[in-house]
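# Coordinates in review
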Amino acid sequence: MATPRPAVGLAELLPWAAERHPDRTALITSTRTLTYAELDELSNRVASALAANGFEVGDVVSLFGQNSWQWIVAYHGVLKAGGVVNPVNVMLTGPELRYVLDDCGAKALFLGAAEAARVGKEISDVPLALRVTLDTSFDELLDKGSPEPVVLPERAGRDLGSIGYTSGTTGHPKGAMQSLESVLLNCAHTATMHGKTEHDVILSALPAAHVYGNVAINGTFLAGGTVVLMERFNPDTALELVARHGVTVFEGVPTMYSMLLASPHLGSADLGSIRVSTVGGQTFSPVIIERWEARTGAPLLELWGMTELSGLGTTHSVYAPPCPGSIGVSLPGNDIAVVPTDGSAGPVPVGQPGELTIRGPLVMLGYHGRPEATADVLGPDGWLRTGDVAYLDEGGHAFIVDRLKDMIITAGYNVYPAEIERVVAAHPDVAMVAVGRRPDPIKGEIAVAYVVARAGTSPDADSILTFCVDLLAAYKRPRDVVFVDALPTTSSGKLLRRKLSEFDPAAGTSTIPQG
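Residues numbered from 1 in each chain as written. Predicted model: local features only at pLDDT ≥ 70, side-chain atom pairs only at ≥ 80, totals over all residues. Heavy atoms only, no water.

With that settled, consider the sheet that holds strand S2 (residues 33-35). Within the open sheet, the nine strands sit side by side as S2-S1-S10-S9-S11-S12-S13-S14-S15. Their pairing is mixed. The open sheet is flanked by S2 and strand S15 (329-330), the only strands paired with a single partner. Here three bridges tie strand S9 (residues 201-204) to strand S11 (residues 249-252), and the two strands are oriented parallel to one another. Paired with Ser204 across the two strands is Glu251, which belongs to S11. Each of strand S1 (25-28), S9, strand S10 (226-229), S11, strand S12 (276-279), strand S13 (300-306) and strand S14 (311-315) touches helix H8 (residues 211-223); the most contacted strand, S10, lies at about 145° to it. (Pairing = 2+ DSSP bridges. Helix = DSSP H or I, 4+ residues; strand = E, 2+ residues; numbered from the N terminus. Contact = heavy atoms within 4.5 Å. Axes fitted to C-alpha atoms, helices over the stretch in contact; angles between N-to-C directions.)

Now the structure itself:
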């Protein structure tokens, strides 16, 4: 008899998984380990408690807290109650959180205890029907709920299931409306491309509120595997967890891999259980890929995605021949294309850069309450303009060049920070690097490399600038180097290039002839 599958969205996932693997370990955190049956029953308690408090189908419930078993339980409980889940970046300030709660019309809020202490006063007058901290208050809510199976509301696949807010690099963030179908399909197709099975143990410190983190977690649940969830990323702790739990899949962002490779414990770490790793969030140096693959003996698959896609848009199949430097091919059932960056019509030749676009069931329904912003990026033909500069090869593999907004225009030339970062990252004394812009009276803008030195080394700016001479065209080279202790990142570990200007530009600077 064929195995029954979830019908519409993630609300059906846990009941289905619990029926198949009731006693298998689903989730491991630093404070609690849960089987699929336990995870299912706890989320039933949340769903029934919400219903008892008058929550109805379509009500928006926000989640704001660090990774925890309570966060995962609340997420699935909201979906089982027929609610629309609003996962919120835990790094937001009180005013930023307040904006999100008001904008999406949240009726309830689950927030971590530390976050409640940090932003509680600033959101105290937000009109919420229910506010629950993920501590003893959450335990009390669970006690009031019932573990019995929930009768799930009837909803269609294209009904709204989640609202995920963009990072808001300019102005206020926008809420990308994700359908129940798009979230489930992203989890299913990603798990398939990465070859996940019920025998896999994944390790993730990606924020559960981030679409990449969500897909990593729920794609594993869909396959029946085990998720080892870190509250926050620490490279030494991660290495220890890989050995302790026999982790088969590591999911991360570039900064995590840089930190792992720089750890003094890397050499003695037991990484033999890893069969595949994944990396997304931004462009990635091939040197880092080579070092990690050499250390683990397993492939590192690059991927690309957006909040507007409920997660991934492209990735590699673990069984396909490698295509170094590529973010892979489109997920099944979706199409990608490269179009002119100026918004004009017409094809872009293979191998030539343009703006990456995508069409298919993963694309958002639109921005919540923002029809004009939606029309700016989502055409009537269903194609979503991503804002990423990319090119395609003959086999349909996509190669990201950079974000359009990050592009530096120096003396009339277009310079992409990611291209410079890939070169500088290959310097033997560089642990991490980010490239930003600085105003220049002659060239308009120049590229500046912000570098974290590898432990035990003391590189100087001239050595790094000289390193780039034979590897980058003259107009692409960084004109300055600033040494820093750490780089600004989002909660998911993605570089915040717009924050680089906050560093003192005069610290550790040097120049060489511009040639």
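Let us look at a negative patch on the surface. Taken together, the side chains of Asp23, Glu38, Glu41 and Glu148 present a region of like negative charge at the surface. Residue class for Glu148 comes out exposed when judged on its relative accessible area of 53%. (Patch = residues over 30% accessible without salt bridge, like charges linked within 9 Å, V, L, I, M, F, W, Y side chains within 5 Å. Areas by Shrake-Rupley, 256 points an atom, 1.4 Å probe, with all protein chains shown as cover. Salt bridge = Lys/Arg side-chain N within 4 Å of Asp/Glu carboxyl O. Lys, Arg positive; Asp, Glu negative; His and termini not counted. Charge placed at Lys NZ, Arg CZ, Asp CG, Glu CD. Buried < 20%, exposed > 50% of the residue type's maximum accessible area, 1.4 Å probe, protein only.)

Applying the stated criterion across every chain yields a total of 15 salt bridges. The residue Arg98 makes a salt bridge to Asp125 at a minimum N-O spacing of 2.6 Å. Of this pair, Arg98 sits in helix H4 (residues 94-104) while Asp125 sits in the loop between helix H5 (113-119) and strand S6 (130-133), and the two are 27 residues apart along the sequence. For Arg98, a relative accessible area of 26% puts it in the partly exposed group.

A word on the pairing of strand S19 (residues 384-392). When you tally the buried positions in S19, you get seven out of nine residues, the bulk of the element. Two elements, strand S17 (residues 354-359) and S19, share four bridges in a ladder whose sense is antiparallel. By the bridge assignment for S19, Glu355 is matched with Val389. Pairing of S19 with strand S20 (residues 398-403), which is carried by five bridges, proceeds in the antiparallel orientation.

For the rest of this paragraph, the subject is the confidence of the model for the protein chain. Averaged over the protein chain, the pLDDT score is 90; the fraction of residues at 70 or greater is 93%. Low confidence marks residues 506-515, where pLDDT is under 50. Its contacts with residues over four positions away, or in another chain, come to 30 contacts. (pLDDT = per-residue confidence, 0-100.)

The first and last C-alpha atoms of helix H3 (residues 69-80) sit 17 Å apart over 12 residues, in line with the 16 Å expected at 1.5 Å per residue. Burial analysis of H3 places 12 of its 12 residues in the buried class, which makes it a mostly covered element. Listed as buried for H3 are Trp69, Gln70, Trp71, Ile72, Val73, Ala74, Tyr75, His76, Gly77, Val78, Leu79 and Lys80. Looking one or two residues beyond H3, the residue adopting positive phi is Gly82, at roughly 90°. (Expected span 1.5 Å × (residues − 1).)

Here we take up the sheet that holds strand S16 (residues 335-339). Pairing is antiparallel across the open sheet formed by four strands, whose spatial order is S16-S17-S19-S20. Lying at the two open borders of the sheet, with one neighbouring strand each, are S16 and S20. The mean inter-strand angle of the sheet, taken between neighbouring strand axes irrespective of direction, is 50°. Where S16 and S17 come together, five bridges link them in antiparallel fashion. By the bridge assignment for S17, Asp335 is matched with Arg359.

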